[in-house]
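# Structural characterization, general
Spelled out, the chains give:
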Amino acid sequence: MLYIIKTALELGFLYAPVPLALFLSFRILNIADLTTDGCFVLGAAVSVTWAAASHPFLGVPVAMVSGALAGFVTAMLQTRFGVPSILAGIITNFGLYTVNLMVMGWSSNVNLLKTETIFTLFRKTGIFGSFSDIVLVLIITLFASLLLVWFLSTRLGLSIRATGDNPDMVRASSVNPRFTTTVALCIANALTALSGAMVGQYQNTVDINSGTGIVVIALACLIIGETVLGKRSIRKGAIAAITGSIIYRVIYAVVLYTKVVPIQGLKLITALVVAFAIAFPTIKEQTSFLRKKRLATNKLAAKEEDKNA
Amino acid sequence: MLEIKNISKTFSPGTVNEKKALSDLSLSVKDGDFITIIGSNGAGKSTLFNAVAGSFYVDEGYIFLGGQDITFLEEHKRSRIIGRMFQDPLKGTAPSMSIEENIALAYLRSSEGTSPFSRISSRDKKNFREKLSLLGMGLEDRMRDPVGLLSGGQRQALTLLMATIVTPKLLLLDEHTAALDPGTAEKVIELTKKIVSEGNITCLMITHNMKQALTIGNRTLLMNDGNIVLDVSGKERDSLSTSDLIDKFKKKVGEDLDNDRILLST
């Protein structure tokens, strides 16, 4: 049991930067950024290849820069060339497949055999014993989220938040919304790549398909977190993203261990959870409308009956 | 101050929806002028503002502001020197951000040279608080409330403060009180007069209220069909009544002023 929780926490923190990235792009900027899947693999591929070249630590920031570049491409497509935002992400994501293969030396997976990773090196310090991995991912993820929360309270961060809220007003405040959108997408994708970079070195491997569906899972995490904690402030939103990621991994571990549902079924369930959560406000509106309509019809029918009687 | 030279703008040219919104319009505004603008529906009042603010570029002509050619300057760059308010109170503020953060955004216009990574300082906050208290709406005690919680009038007053917190070279007011109830509208108009006169701001205001058009400011323009058909100021303006204005319009254009809102409010 303890092992399950430990693994869930580790995976939760490892994957947490992705819901954090979506918190920035989907919640704050109001853009569904589908670069995420390919960007995650890009981060993993870059970090693993650098680790293989015995630069595990350098691999992480380099992976983030590559992620930011991917975000930059998506941002350019939508802000400068008028490609609809969802399509821009899909196009970049599609192109990244080739780029990722190239990074991995044209093979569909790369394994790290007996090479040092940030995790093995951190374990060697021996400070945290068997909790070494969890402490390392905790430090990195918390640091990234603190940096994000701080950034969103700076002048540039405020402009980014206003861009998602009211772009007209941003223009009226002498800020270029194209610029703020670009910065936000770069940061979001750097976060996604950070997660990929950690996961790649943690699992000692990267596979060209390891990013499939990451964006949906991360959305599920974000939604779970927000349901549990609320989404009123920026700080709460960031905490919700991380908490959601952990809760999702706990659920995943429980399913994996108890086999209440076959593990292959988890993707379908995740998809249902995400679709339902996003559709919920609309469903609520429709049911209340139907209720009103029924009441009104009943009232009218009762009146008619009175008249006839 | 503001010099508009022969500007024209046609929307959807070459289609059945082709609309000449501004045709060869020229206007010269002096420093410190407070000009009111009225006109029929579709006369090009808002289009004129959009052209000056840079929501689109004009097809022909030039626009100068304070001696600088701004004809092809991007909208967000013009907003550094041009403050603007719309009829819709929702347009000027970001609803999910706090009052403080909204003002901080507007204050960005002053901050050329400060780091984009700097935060709102406590001195800024004190400054915002003082400015807010001048509105007399109790907003200074709600600095951390999201703007989405405010009423239309409060949001419009806040937008006015934001548009003028860094004194603009030019303030454009597009029927900024039209969506408010009469009492609140009156209050926002009083605030507008106060802020404009205290800052000696050059201001253009579109209104549908004839009386307002003649009593506020020092010059009145009447627009029709993408151009200015009447331009009154000084003594001539002082002696003008609203019915005179309607007559004058009829004589000039040859048809009645067809703006139901104007006619209802006279």
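Residue numbers here run from 1 along each chain, matching the order of that chain's written sequence. Just so you know, chain letters begin at A and ligand numbers begin at 1, following the order they were written in. Confidence filtering applies because this is a predicted model: local features only for residues at pLDDT of at least 70, side-chain atom pairs given and counted only at 80 or more, and all residues used for totals across whole chains, interfaces and linings.

### So, the overall build of chain B
- Runs of H or I in DSSP of at least four residues are treated as helices and runs of E of at least two as strands, each being numbered from the N terminus. Within chain B one finds 10 helices and 10 strands.
- C-alpha atoms define the radius of gyration, and 2.2 Å times the number of residues to the power 0.38 defines the globule rule. Taking 2.2 N^0.38 as the reference for a compact globule, 266 residues should give roughly 18 Å; the C-alpha atoms of chain B span a radius of gyration of 19 Å, in line with that estimate.
- If one aligns the C-alpha atoms of chain B with their principal axes, the spans along those axes are about 60 × 40 × 35 Å.
- Throughout, a residue-residue contact means that the two C-beta atoms, derived from backbone geometry, are no farther apart than 7 Å. Partitioning the contacts of chain B with sequence separation of at least 6, the portion at a separation of at least 24 is 70%.

### Focus on the pairing of strand 1 (residues 2-11) of chain B
- With seven bridges connecting them, strand 1 of chain B and strand 2 (residues 19-29) of chain B associate as antiparallel partners. Its bridge partner lying in strand 2 of chain B, B:F11 is registered against B:K19. Any two strands between which DSSP finds at least two bridges are classified as paired.

### A look at the sheet that holds strand 5 (residues 68-69) of chain B
Residues and elements named next belong to chain B.
- Spatial ordering of the open sheet is given by 2-1-4-5, a layout of four strands whose pairing is antiparallel. The sheet terminates laterally at strand 2 and strand 5, the two strands that pair on one side only.
- Every axis in this analysis is a line fitted to C-alpha atoms, fitted for helices over the stretch in contact. Angles between the N-to-C directions lie between 0 and 180 degrees. Against the sheet, helix 1 (residues 45-53) makes contact with strand 1, strand 2 and strand 4 (60-65), and its axis sits at roughly 65 degrees relative to strand 2, the strand it touches most.

### As for the domain arrangement of chain B
Residues and elements named next belong to chain B.
- Throughout the structure description, domain borders are defined by an automatic or database domain assignment. We note that the domain assignment places domain 1 (25-54 + 73-81 + 170-266) and domain 2 (88-167) within chain B.
- Relative placement of domain 1 and domain 2: their C-alpha centres are 26 Å apart.
- Listed as interface residues are 14 residues of domain 1 and, on the opposing side, 12 residues of domain 2.
- Counting residues per element, the side of domain 1 that touches domain 2 draws most heavily on helix 6 (residues 182-199), which supplies seven residues.
- Nonpolar residues are Ala, Val, Leu, Ile, Met, Phe, Trp, Tyr, Cys and Pro. Charged residues are Asp, Glu, Lys and Arg, and all others, Gly as well, are polar. In the side of domain 1 that touches domain 2, the residues fall into seven nonpolar, five polar and two charged.

### Remarks on the confidence of the model for chain B
- pLDDT is a per-residue confidence score from the predictor, ranging from 0 to 100. On average, chain B scores 89 in pLDDT, and the residues at 70 or more come to 95%.
- Prediction confidence for the complex, expressed as pTM and ipTM, is 0.89 and 0.86 respectively.

### Focus: the environment of A:M104
Residue and element names in this part refer to chain A.
- Within the secondary structure layout, M104 lies in the loop between helix 5 (85-103) and strand 1 (109-111).
- Three classes are used. A residue is buried when 20 or more other C-beta atoms lie within 10 Å of its own, exposed when 12 or fewer do, and partly exposed in between, with C-beta atoms placed from the backbone. The buried category is assigned to M104, around which 22 C-beta atoms lie within 10 Å.
- Contacts of M104, omitting those with residues within four sequence positions, involve A45, T49, V110, V206 and I208.

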